[in-house]
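# Report on the structure
Letter by letter, the chains look like this.
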Amino acid sequence: MRQLIVNGDDFGFARGVNEGIIRAFRSGILTSTTIMANGEAFEEAVELAGANPELGVGCHLSLVGGPPIAAARDVASLIENDGMLPATLTRLMTRLSGRGVQDEHLERELRAQVERVVSAGITPSHLDSHKHSHTHPRVMKALSRVASEFGIKSVRNPFESVLGGALLGPAARARRGVYVKQYAMSAAVSVRARAFKRLAREHAFRTPDFFCGVRLTGLLDAEAIRSVIESLKEGTTELMCHPGVYGDGLERARTRLKQERQRELDALTDPDLRRAIDDMGAKLISYRELG
């Protein structure tokens, strides 16, 4: 059986992102999302989750960008001079590799984020991480302890197959340099896949069999999604996406994905894609149904 989870990241990041995710769920093929506890539009996202109970909602754990949820003094080794979490993934990874970040501080911040989501009345369907920081073994170990503490059994497998097809749509062909860069980054972190799988087995986590979306971040369009659908293998595949409604608020937001989010929303709501899924004999599921 071929199953597809379509997960919208960054729920709670901005109002335009919230609106895009809900539209993609109600009128498109999106089945799951992950909410950012430190997002500016977190409260609105919580309300929207309550109004759409069939939408699977997990936690999008953020160690990159934005304010911490834990008290800054309790996670001091994570915090930069401006009082925020590391501004980029590169800065976080450099500090993790140099042992500048304490493991207990990683765990405290992740726990505080999950606690905020749970306290808002959401039972997380799964965990993933902003910028895929849990590809790093230290982050994955902290995430594993927190997930077990809260009884969360499903976690994103953030590693794309190095041998996967190109799956290029018009957006990726027009920006091939961006695609090649993201392909290289995806391939570079694949060496950590074995450690991730070991930790997932140790904690009895459920994970999709396959994952895609990193190489196509900001480049996802209807043709690329169709290519993903037509290449589905037996088992469960997760497609990561970032839909949003483009406007002034999103233009001002601290994200490189702006108009790209609108393009993804337009693609995810293309009725031809649902027909393509049906033609493949595949089934759309959420993380709640991952077994």
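Residues numbered from 1 in each chain as written. Predicted model: local features only at pLDDT ≥ 70, side-chain atom pairs only at ≥ 80, totals over all residues. Heavy atoms only, no water.

## Description of the pattern of salt bridges
Should the charged atoms of two oppositely charged side chains come close, the side chains can pair. Applying the stated criterion across every chain, the model contains 18 salt bridges. With a shortest N-O distance of 3.9 Å, Arg2 and Glu234 are connected by a salt bridge. Within this pair, whereas Arg2 is found in strand E1 (residues 2-11), its partner Glu234 is found in the loop between helix H9 (222-230) and strand E6 (235-241), the two being separated by 232 residues in sequence. Assessed through its relative accessible area of 23%, Arg2 is described here as partly exposed. Here Glu202 makes a salt bridge to Arg198, at a shortest N to O gap of 3.3 Å. Of this pair, Glu202 and Arg198 both sit in helix H8 (residues 193-202), four residues apart, roughly one helical turn. (Salt bridge = Lys/Arg side-chain N within 4 Å of Asp/Glu carboxyl O. Helix = DSSP H or I, 4+ residues; strand = E, 2+ residues; numbered from the N terminus. Buried < 20%, exposed > 50% of the residue type's maximum accessible area, 1.4 Å probe, protein only.)

## Details of the pairing of E6
Residues in a regular strand project their side chains so that they alternate between the two faces of the sheet. Of all seven residues making up E6, seven are buried, and the element is well covered by its neighbours. Taken together, the seven bridges between E1 and E6 define a ladder with parallel strand orientation. Along E6, the bridge assignment pairs Gly8 with Cys241. The pairing of strand E5 (residues 210-212) with E6 spans three bridges and is classified as parallel. In the sheet register, Cys212 faces E6, and the bridge partner there is Leu239. Taken together, E5, H9 and E6 constitute a β-α-β crossover, and its handedness is right-handed. (Pairing = 2+ DSSP bridges. Right-handed = clockwise from strand over helix to strand, strands pointing away.)

## Things to note about unusual backbone geometry
Of note in this structure, Lys131 is not a glycine but carries a positive phi near 65°. Here Lys131 falls in the partly exposed class, since its relative accessible area comes to 43%.

## Some words on the environment of Ala45
Of note, Ala45 is situated in helix H2 (residues 42-51). As for Ala45 and Glu115, which are separated by 70 residues in sequence, their C-alpha atoms are 16 Å apart. Here Ala45 is in contact with Phe11, Gly12, Asn18 and Ile35, once residues within four sequence places are set aside. (Contact = heavy atoms within 4.5 Å.)

## Side note on H2
Buried within H2 we find Phe42, Glu44, Ala45, Val46 and Ala49. Lining the buried residues of H2 we find E1, helix H1 (15-27), strand E2 (32-35), strand E3 (56-61) and helix H4 (103-119).

## Description of the packing of H1 against helix H11 (residues 259-268)
Pairs of packed helices are described in terms of their axes, by the angle between the two and the distance that separates them. For the pair H1 and H11, the least separation of the axes is 9 Å and the interaxial angle reads 15°. For the element pair H1 / H11, the angle class is roughly parallel. When the axes of H1 and H11 are compared, the crossing they make is left-handed. Across from Val17, Gly20, Arg23 and Ala24 in H1, the residues of H11 making contact are Arg261, Leu265 and Leu268. A class-by-class count of the residues in the contact of H1 with H11 yields four nonpolar, one polar and two charged. (Axes fitted to C-alpha atoms, helices over the stretch in contact; angles between N-to-C directions. Parallel < 35°, antiparallel > 145°, perpendicular 65-115°, else oblique. Left-handed = near helix turned anticlockwise from the far one by under 90°. Nonpolar A, V, L, I, M, F, W, Y, C, P; charged D, E, K, R; others polar.)

## Some remarks on the state of the cysteines
Disulfide: a covalent bond formed between the sulfur atoms of two cysteine residues. Evaluated as defined, the whole model comprises zero disulfides. Cys212 takes part in no disulfide bond, and the closest cysteine sulfur, belonging to Cys241, lies 10 Å away. (Disulfide = S-S within 2.5 Å.)

## Here we look at the pairing of E3
Across the six residues of E3, six count as buried, placing the element largely inside the fold. One ladder, built from four bridges, connects E2 with E3; its direction is parallel. Looking at E3, one finds that Ile35 is bridged to Cys59. Crossover E2 to E3 through H2 is right-handed. Sheet topology places E3 next to strand E4 (residues 127-129); three bridges connect them, and they run parallel. From the neighbouring strand, Leu61 faces E4, where its bridge partner is Ser129.

## Topic: the nonpolar core
Formed by 78 residues in total, the largest nonpolar core has its most connected members in Ile35, Leu78 and Ile225. With six residues, the single largest contributor to this core is helix H5 (residues 137-150). Contact partners of Ile225, with chain neighbours within four places excluded, come to Ile29, Leu220, Leu239, Ala267, Leu268 and Leu273. (Core = buried A, V, L, I, M, F, W, Y, C linked by side-chain atoms within 4.5 Å.)

## As for H8
Turning to H8, its buried residues number three or more, namely Ala193, Phe196, Leu199 and Ala200. Across the axial projection of H8, the buried residues extend over an arc of 125°, all falling on one side. Opposite the buried face of H8, at more than 90 degrees from it, the exposed residues are Arg194, Arg201 and Glu202. The inward-facing, buried residues of H8 contact H5. (Arc of directions from axis to C-beta.)

## Some details on the packing of H5 against H8
Put simply, H5 and H8 touch, their axes get as near as 10 Å, and they point 15° apart. Comparing the axis directions of H5 and H8 gives the class roughly parallel. Two packed elements cross with a definite hand, and for H5 against H8 that hand is right-handed. Facing Pro137, Met140, Lys141 and Ser144 of H5, the residues of H8 in contact are Ala195, Phe196 and Leu199. Grouping the constituent residues of the contact of H5 with H8 by class yields five nonpolar, one polar and one charged.

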